[in-house]
Amino acid sequence: PLDRIESNPEQPRLAFDETTLEELAASIREHGVLHPILVRPIGENHFQLIAGERRWRASKIAGSASIPALVEDIDDDTALEISIIENLQREDISPLDEAAMYDRMIRDHGYSIRKLADKIGKDKGYLENRLRLADAPPEVRELVSLRKDTLSHAYELMKVDDPKKRRRLADQVARGELTLIKLRDKIEGRRSRPVRVIDDIGIDGNG
């Protein structure tokens, strides 16, 4: 029963998109839940969610009374690890949530970057870049939360030590005023060079 399941307070995912939850709820009304959620017992006929929070939330939106579930005795560390790994494998996870989860796996669960990369099937360099976001300044995190297409800009902005300059540049990127090349030029103090166009007339010197 849905009313016997409670969310995990250690749920690593920070946000759930309401639109996609509504879409999933519509699918559940028509087809039901195709894959069971994972829960653990926390009292007599009461359970805590380990994996499948989107399905659980969407089932409540759909008005379902119950949901298929696997019930397993799982300790706290394993429960958190399973929840994090499940969320990391989702395609719609935000870069900031992803960075926070990688950071948590390394800090709280003793994973090395290489071991974590192997476990989730990611490149080690990819993880290292994402982990930089976990400790990024507020204006950089705000930029990435507003526009996912600014990740490369964000990594460049983290090279700027002056907070005022970094904030000014981040605002310009958010407004679409700086391409990645122009941002690098500003950070490195270079003037953006105009593109040189060479006419093919007269290349042989005869006009």
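Residues numbered from 1 in each chain as written. Predicted model: local features only at pLDDT ≥ 70, side-chain atom pairs only at ≥ 80, totals over all residues. Heavy atoms only, no water.

(A) Molecular detail of the overall build of the protein. Tallying secondary structure elements over the protein gives 10 helices and 4 strands in all. Once local pairs closer than 6 in sequence are excluded, the contacts in the protein between residues at least 24 apart make up 66%. Just so you have it, the protein exposes about 12700 Å², and 47% of that area is on carbon and sulfur atoms. (Helix = DSSP H or I, 4+ residues; strand = E, 2+ residues; numbered from the N terminus. Contact = heavy atoms within 4.5 Å. Areas by Shrake-Rupley, 256 points an atom, 1.4 Å probe, with all protein chains shown as cover.)

(B) Structural view of the side chain of aspartate 103. Looking at where aspartate 103 falls in the secondary structure, it is placed in helix H4 (residues 95-109). Leaving out residues up to four positions away in the same chain, aspartate 103 has contacts with Leu131 and Ala134.

(C) Up close: the environment of proline 68. Tracing the chain through its elements places proline 68 in the loop between helix H2 (53-61) and strand S4 (69-71). The sequence separation of proline 68 and glycine 32 amounts to 36 residues, and the corresponding C-alpha distance is 9.3 Å. Filtering out sequence-adjacent residues up to four positions away, proline 68 remains in contact with Val33, Pro36 and Ile37.

(D) View of the pattern of salt bridges. All chains considered together, the criterion is met by 15 salt bridges. Taking the shortest distance from any N to any O, the salt bridge between arginine 57 and glutamate 53 comes out at 2.9 Å. Here arginine 57 pairs with glutamate 53, and both are found in helix H2, just 4 residues apart, close to one helical turn. According to the relative accessible area criterion, arginine 57 is partly exposed, its value standing at 31%. A relative accessible area of 4% places glutamate 53 in the buried class. (Salt bridge = Lys/Arg side-chain N within 4 Å of Asp/Glu carboxyl O. Buried < 20%, exposed > 50% of the residue type's maximum accessible area, 1.4 Å probe, protein only.)

(E) Examining the packing of helix H1 (residues 18-31) against H2 more closely. The N-to-C vectors of H1 and H2 enclose an angle of 70 degrees; their axes lie 8 Å apart at closest approach. With respect to H2, the axis of H1 lies roughly perpendicular. Helix-helix and strand crossings are classified by hand; for H1 and H2 the assignment is right-handed. Packed against H1, whose contacting residues are Thr20, Leu21, Glu22, Leu24, Ala25, Ile28 and Arg29, the element H2 presents Arg54, Arg55, Arg57, Ala58, Ser59 and Ile61 at the interface. When its residues are assigned to classes, the contact of H1 with H2 shows 6 nonpolar, 2 polar and 5 charged. (Axes fitted to C-alpha atoms, helices over the stretch in contact; angles between N-to-C directions. Parallel < 35°, antiparallel > 145°, perpendicular 65-115°, else oblique. Left-handed = near helix turned anticlockwise from the far one by under 90°. Nonpolar A, V, L, I, M, F, W, Y, C, P; charged D, E, K, R; others polar.)

(F) Highlighting the sheet that holds strand S2 (residues 37-43). Strand order in the open sheet formed by 4 strands is S1-S3-S2-S4, and the pairing between neighbours is mixed. The open sheet has two free edges, formed respectively by strand S1 (5-6) and S4, since each of these has just one partner strand. Across 5 bridges, S2 lies against strand S3 (residues 46-51) in antiparallel orientation. Across the sheet, the residue bridging to glycine 43 is histidine 46, located in S3. Running over the sheet, helix H3 (residues 76-88) touches S2 and S3 and is turned about 45 degrees from S3. (Pairing = 2+ DSSP bridges.)

(G) Representation of the packing of aromatic side chains in the model. Going through the model one piece at a time under the given rule, you end up with 0 aromatic pairs. Stacked on the ring of tryptophan 56, the Lys or Arg lysine 60 has its end atom at 3.9 Å from the ring centre. Sitting over the face of the ring of tyrosine 111, lysine 115 holds its NZ or CZ atom 4.6 Å from the ring centroid. (Phe/Tyr/Trp six-rings, centres within 6.5 Å; stacked < 30°, edge-to-face > 60°. Lys NZ or Arg CZ within 6 Å of the ring centre and 35° of its normal.)

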